[in-house]
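What the coordinates show
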Amino acid sequence: MDTDRFDAPPFAPSEYIVRLARTRWERAGHFALRRAVFCHEQRVFATDDRDATDDAAIPIVAACCVAGLPEQVVGAVRIHESEPGLWHGSRLAVHADHRRLGRIGGELIRMAVCTAHGLGATRFLAQVQAQNVPFFRRLHWRSLNEITLHGLPHHVMEADLAHYLPHGCEQTWLLRPQRAARRRA
């Protein structure tokens, strides 16, 4: 029997969680995803993207759920405070197979900024790859200046904290993918 005509569609989780990395496997998944995106896919770093910031950073993950339980880390970002009130987000990554949802990156950004805001942020900055600047602008960020980082064009951007309500660190957000509406001919 010819099975090529019966390929199953890729697995689509019914829900995702977005939260601070709480467990050893979430932290390991956070670093593994960053390595996959920044080393293997984008080739920004040779073998590992970890740096001294990781020692003080708070890792945040998005995980797809199976039967209501987190199963795989599919999104990552980290936040840290460089001086009182000044927070930074960096290393935003979403697994290639889960980018089609279109909300994971935005929800990771929202969790990052809202968490930092709850921890006393008065400013929140990120160094954003140039191709992602329009996405961040839609999320109420503004570009402060352009820089080159790791040989790639970036923008230093600042979040408008008025659009990011502060919350505590134990917050968990649940995302349920919305199926795209079918277009009729």
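Heads up: the structure comes first, above all this text.
Overview of the structure.

Calculation criteria
Residues numbered from 1 in each chain as written. Predicted model: local features only at pLDDT ≥ 70, side-chain atom pairs only at ≥ 80, totals over all residues. Heavy atoms only, no water. Helix = DSSP H or I, 4+ residues; strand = E, 2+ residues; numbered from the N terminus. Expected span 1.5 Å × (residues − 1). Buried < 20%, exposed > 50% of the residue type's maximum accessible area, 1.4 Å probe, protein only. Salt bridge = Lys/Arg side-chain N within 4 Å of Asp/Glu carboxyl O.

1. Considering helix α2 (residues 104-118)
The terminal C-alpha atoms of α2 lie 21 Å apart, and with 15 residues this matches the ideal 21 Å at 1.5 Å per residue to within 8%. For α2, the buried fraction is high: 12 of the 15 residues fall into the buried class. Within α2, the full set of buried residues consists of Ile-104, Gly-105, Gly-106, Glu-107, Leu-108, Ile-109, Met-111, Ala-112, Val-113, Cys-114, Thr-115 and Ala-116. Just past α2, the residue Gly-120 takes up positive phi, approximately 105°.

2. Things to note about the pattern of salt bridges
Two side chains bearing opposite charge may form a pair once their charged atoms approach each other closely. All told, the structure shown has 13 salt bridges when counted by the stated rule. Glu-26 is paired through a salt bridge with Arg-19; the nearest N and O atoms lie 2.6 Å apart. Judged by relative accessible area, Glu-26 falls into the buried class, the value being 0%. Look at Arg-19 and you get buried, because its relative accessible area is 13%. Note that Asp-49 and Arg-34 form a salt bridge whose closest N and O atoms lie 2.7 Å from each other. A residue pair is termed long-range when its members are at least 10 positions apart, and Asp-49 in the loop between α1 (24-41) and β2 (58-66) and Arg-34 in helix α1 qualify at 15 residues. For the pair Asp-49 and Arg-34, a shared accessibility class is recorded, and that class is buried. Overlapping salt bridges bring together Arg-34, Asp-49, Asp-51, Asp-54, Arg-78 and Arg-91 as one network.

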